[in-house]
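Remarks on the overall topology
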Amino acid sequence: AHTATSDWVPAVDIQELEDRYVIHADVPGVDPQDIEVHMENGVLTIKGERKSENEEEREGYKRVERVRGTFFRRFSMPDTADAEHISATVTEGVLEIVIAKAEKPQPRKISVN
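All of these numbers come straight from a predicted model, not from anything done at the bench. (Residues numbered from 1 in each chain as written. Predicted model: local features only at pLDDT ≥ 70, side-chain atom pairs only at ≥ 80, totals over all residues. Heavy atoms only, no water.)

1. Some points on the confidence of the model for the protein
Close inspection of predicted coordinates is inappropriate for parts of the model with low pLDDT. This prediction gives the protein a mean pLDDT of 85; 83% of its residues lie at or above 70. Within the model, pLDDT remains below 50 along residues 2-6, and this stretch shows four contacts once partners closer than five positions in the same chain are excluded. (pLDDT = per-residue confidence, 0-100. Contact = heavy atoms within 4.5 Å.)

2. Overview of the sheet that holds strand β9 (residues 94-101)
Pairing in this open sheet of four strands is antiparallel, and the strands run β1-β2-β9-β8 from one edge to the other. Looking at which strands have only one partner, the edges of the open sheet turn out to be β1 (12-16) and β8 (81-91). Strand-to-strand twist in this sheet, taken as the mean axis angle between neighbours without regard to direction, amounts to 15°. (Pairing = 2+ DSSP bridges. Helix = DSSP H or I, 4+ residues; strand = E, 2+ residues; numbered from the N terminus. Axes fitted to C-alpha atoms, helices over the stretch in contact; angles between N-to-C directions.)

3. Digging into the nonpolar core
The biggest cluster of nonpolar side chains holds 17 residues, and the ones touching the most others in it are Val27, Leu44, Ile46, Met77 and Ile99. The set of elements that each furnish at least two residues to this core consists of β2 (20-26), β3 (35-40), β4 (43-50), β7 (69-76) and β9. (Core = buried A, V, L, I, M, F, W, Y, C linked by side-chain atoms within 4.5 Å. Buried < 20%, exposed > 50% of the residue type's maximum accessible area, 1.4 Å probe, protein only.)

4. Quick notes on the sheet that holds β4
Hydrogen bonds along the backbone pair up the strands of a sheet, which may run parallel or antiparallel. With antiparallel pairing, the three strands of this open sheet are ordered in space as β3-β4-β7. One side of each edge strand has no neighbouring strand; the edge strands of this open sheet are β3 and β7. For this sheet the average axis-to-axis angle between neighbouring strands, irrespective of direction, equals 10°.

5. Re the pattern of salt bridges
Between side chains of opposite charge, a pair can form when the charged atoms approach closely. All told, the structure shown has three salt bridges when counted by the stated rule. The residue Glu36 makes a salt bridge to Lys47 at a minimum N-O spacing of 4.0 Å. One end of the pair, Glu36, is in strand β3; the other, Lys47, is in strand β4, and eleven residues separate them in sequence. Its relative accessible area of 43% is what places Glu36 among the partly exposed residues. (Salt bridge = Lys/Arg side-chain N within 4 Å of Asp/Glu carboxyl O.)

6. Concerning the pairing of β9
The pairing of β2 with β9 spans seven bridges and is classified as antiparallel. Bridge pairing links Ala25 to Leu95 in β9. Examined bridge by bridge, β8 and β9 share seven bridges and lie antiparallel to one another. If you follow Ala88 over to β9, its bridge partner there is Ile97. Turn length for the β8-β9 hairpin, with the two strands adjacent in sequence and antiparallel, is two residues, and the turn residue Glu92 shows positive phi of about 50°.

The following block contains the structure:
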């Protein structure tokens, strides 16, 4: 058995939909209150901390598997990702981040007199 003492990296999946980006990260055992999500200058940062320990006792020996540690992931998001409209929820150990797509700036027609 391998005891993970180092920090860990959750698997992350990013989908682009017509009007939004949806990011899923596997964060089993992480309290939603220990997760931080923020976006700045087009970079989405996800960080958090897992504090769980699994104990297993059988046939006279005890194994404690410590899977705690911090994780940190950064992603460059496309220009259309709207940092003002971002939400994050955790369901059954999966963090879901939804980022709305900003309206693309329409070219303005300048009238020349």
